[in-house]
Amino acid sequence: MRNNWQRWNGEFFSNDSLQKLGYRYQLGHSGAPCPRPHPGPKNFVVFDISGPHFISIDYCHCGHQPLSTWRQLLREKWFPATLSRPQTVFTFDCLETFHELTLQGKTNLYDYYHTLLRRSDNANLFNPIVRVWKYYFVFR
């Protein structure tokens, strides 16, 4: 995932998120539109090795028995922090990178998390994302 999207505001290019630009990610159809989309939570965050990304998602509600939300996330290779009403997910690439770093360099979870946050906002200009405890739920 690309970290910084820019939009012309009339005077200069300013950084923006995919969510603010109106992008919606559809689960369950390999990127194709769903005939019965169901909107996900408003503050949905995807942690990737390029940093955190705020996006809007739509779950698939096709068929007689649609897949559960966490199964749809897992099929996208996104690991949910919780099984009930997930709002934070970690890409498999992010989790595998942490696993390798902890085996090779003995990097702890706190340092890895703050490295991901600094990838998108090294000067701490924006509001910090305080979801480090969700990492602990994933790795326990």
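This text follows the structure it describes.
Residues numbered from 1 in each chain as written. Predicted model: local features only at pLDDT ≥ 70, side-chain atom pairs only at ≥ 80, totals over all residues. Heavy atoms only, no water.

*Asks:* I'm lost on the side chain of Ser50 in this one. Help?
*Replies:* Looking at the element boundaries, Ser50 is found in the loop between strand S5 (45-48) and strand S6 (51-54). A distance of 3.0 Å separates a polar atom in the side chain of Ser50 from a polar atom in the side chain of His53. (Helix = DSSP H or I, 4+ residues; strand = E, 2+ residues; numbered from the N terminus. Polar contact = N/O pair within 3.5 Å; in protein donor to acceptor, adjacent residues only side chain to side chain.)

*Asks:* Is there a simple way to think about the packing of aromatic side chains in this case?
*Replies:* By convention here, two paired aromatic rings are described through the distance between centres and the angle between planes. Under the counting rule described, the total for this entry stands at six aromatic pairs. When the centroid spacing of 6.2 Å and the interplanar angle of 40 degrees are considered together, the rings of Phe44 and Trp78 count as tilted. Here Phe44 is found in the loop between strand S4 (37-39) and S5, whereas its partner Trp78 is found in strand S8 (residues 78-80), with 34 residues between them in sequence. Taken individually, Phe44 and Trp78 each receive the classification buried, so the pair is uniform in this respect. For the pair Phe47 and Tyr113, a centre-to-centre distance of 5.8 Å together with 40 degrees between the ring planes defines the contact as tilted. Here Phe47, found in strand S5, pairs with Tyr113, found in helix H3 (residues 109-120); they are 66 residues apart in sequence, far enough to count as distant. Accessibility expressed as a relative area gives 1% for Tyr113, which makes it buried. An aromatic cluster of three or more residues is present, and its members are Tyr25, Phe44 and Trp78. (Phe/Tyr/Trp six-rings, centres within 6.5 Å; stacked < 30°, edge-to-face > 60°. Buried < 20%, exposed > 50% of the residue type's maximum accessible area, 1.4 Å probe, protein only.)

*Asks:* Help me understand helix H2 (residues 92-104), please; the structure alone is not making it clear to me.
*Replies:* Residues that lie three or four places apart on an α-helix share one face, since the helix turns once every 3.6 residues. The end-to-end C-alpha separation of H2 is 18 Å, in line with the 18 Å expected for 13 residues at 1.5 Å each. Taken together, the buried positions of H2 are Cys94, Leu95 and Phe98. Burial along H2 is one-sided: seen end-on, the buried residues are contained in an arc of 95 degrees. Trailing H2 by a residue or two, Lys106 shows a phi angle of about 55 degrees, which is positive. (Expected span 1.5 Å × (residues − 1). Arc of directions from axis to C-beta.)

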